[in-house]
Amino acid sequence: VGGIICSGVGTNASGAQMTVSVESPTVEKNNEFKVLVKASSGESMSYVKADLTYNPEKVELVSTSTDLATGANGQIQIIEILPYGETERTYELTFKALEIGATDIRLYNAYIEQYESLDMINVEDNTASLEVLVNKSVSEDARIKEMLIAGVSDMDKRFNPDVYEYSLEVGQSMDMFICSVVPMESSSVVSAPADLTLYPGENHFEILVTAPAGNTQ
């Protein structure tokens, strides 16, 4: 270990490199996918170290192929001391897609130490990009089944799951917009504004429903 700490950082004349890649550039929400981190060199490697970062709101680390890769909540570190003769190493990470949209998994602060020379090679940062898509195998229905609003004195139209905008009046004694929403799909997620205070004049509130597939309405 002391030799690893004391050795200097050399140039990459040996062709040492580390890469991060995904098995597919797209994945559907709630599905798992594999990420591969590969280390290689023209000479025997004695030590491999790399950090990875990802957006924990978009993807979640589920498991790793080795206990040499550890981390969670957006950070992973890989550290391994290798036996003589190893010129390639692959680490497999399993993630789960959480939210729709583009995201990256970035490899940085990566080093490979050469066995004979003890040169510590600083490896270039690189990134694997991924697009999380709507999951077609589950419901995309983000409509509202029922909506009850407290204190309504007048509403411009009868509630309909296929109508997405309403104008209504409430009594002057109401100082808070109180609404109960039942989505079409019981596993849908309903979001409302943090501030539901009613002020004199017009007030605008938006209710967002996220379907099990991940699409919103």
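About the criteria used
Residues numbered from 1 in each chain as written. Predicted model: local features only at pLDDT ≥ 70, side-chain atom pairs only at ≥ 80, totals over all residues. Heavy atoms only, no water. pLDDT = per-residue confidence, 0-100. Contact = heavy atoms within 4.5 Å. Salt bridge = Lys/Arg side-chain N within 4 Å of Asp/Glu carboxyl O. Buried < 20%, exposed > 50% of the residue type's maximum accessible area, 1.4 Å probe, protein only. Phe/Tyr/Trp six-rings, centres within 6.5 Å; stacked < 30°, edge-to-face > 60°. Helix = DSSP H or I, 4+ residues; strand = E, 2+ residues; numbered from the N terminus. Polar contact = N/O pair within 3.5 Å; in protein donor to acceptor, adjacent residues only side chain to side chain.

**Let's talk about the confidence of the model for the chain**
Reading fine detail from the predicted coordinates is not recommended where pLDDT is low.
Piece 1. In this model, the chain carries an average pLDDT of 87, and 94% of its residues clear a pLDDT of 70 or more.
Piece 2. The model gives residues 1–11 a pLDDT under 50, and that stretch makes 17 contacts with residues more than four places away or in other chains.

**Overview of the pattern of salt bridges**
Piece 1. Under the counting rule described, the total for this entry stands at 9 salt bridges.
Piece 2. The partner of glutamate 80 in a salt bridge is arginine 89, with the nearest N and O atoms 2.7 Å apart.
Piece 3. Glutamate 80 gets classed as buried once you look at its relative accessible area, which sits at 8%.
Piece 4. Residue classification places arginine 89 among the partly exposed positions, given a relative accessible area of 25%.
Piece 5. Measuring nitrogen to oxygen at the nearest pair gives 3.7 Å for the salt bridge that ties lysine 136 to glutamate 140.
Piece 6. Lysine 136 gets classed as exposed once you look at its relative accessible area, which sits at 59%.
Piece 7. What makes glutamate 140 partly exposed here is its relative accessible area of 36%.
Piece 8. Residues joined in a network through salt bridges with shared partners are Glu80, Glu86 and Arg89.

**Examining the packing of aromatic side chains**
Piece 1. In the structure shown here, the tally under the stated rule is 5 aromatic pairs.
Piece 2. Between phenylalanine 33 and phenylalanine 95, the ring centres sit 5.7 Å apart and the planes meet at 15 degrees, which makes this aromatic pair stacked. Here phenylalanine 33 is found in strand β4 (residues 32–40), whereas its partner phenylalanine 95 is found in strand β9 (residues 88–97), with 62 residues between them in sequence.
Piece 3. Assessed through its relative accessible area of 0%, phenylalanine 95 is described here as buried.
Piece 4. Between the aromatic rings of tyrosine 84 and tyrosine 115, the centroid separation amounts to 5.0 Å while the plane-to-plane angle is 80 degrees, which identifies the pairing as edge-to-face. Taken as a pair, tyrosine 84 in the loop between β8 (75–81) and β9 and tyrosine 115 in the loop between β10 (101–114) and β11 (120–123) lie far apart in primary sequence, 31 residues in all.
Piece 5. Residue tyrosine 115 is classed as partly exposed on the basis of its relative accessible area, which comes to 34%.
Piece 6. Counting every residue linked through ring pairs, the aromatic cluster contains Phe33, Tyr54 and Phe95.

**Notes on the environment of asparagine 109**
Piece 1. Tracing the backbone shows asparagine 109 in strand β10.
Piece 2. Sequence separation between asparagine 109 and alanine 211 is 102 residues, and the spatial gap between their C-alpha atoms is 39 Å.
Piece 3. The residues touching asparagine 109, leaving out its near neighbours within four places in the chain, are Lys49, Ala50, Asp51 and Asp125.
Piece 4. Looking at asparagine 109, its side chain comes within polar contact range of the side chain of aspartate 51, at 2.9 Å.

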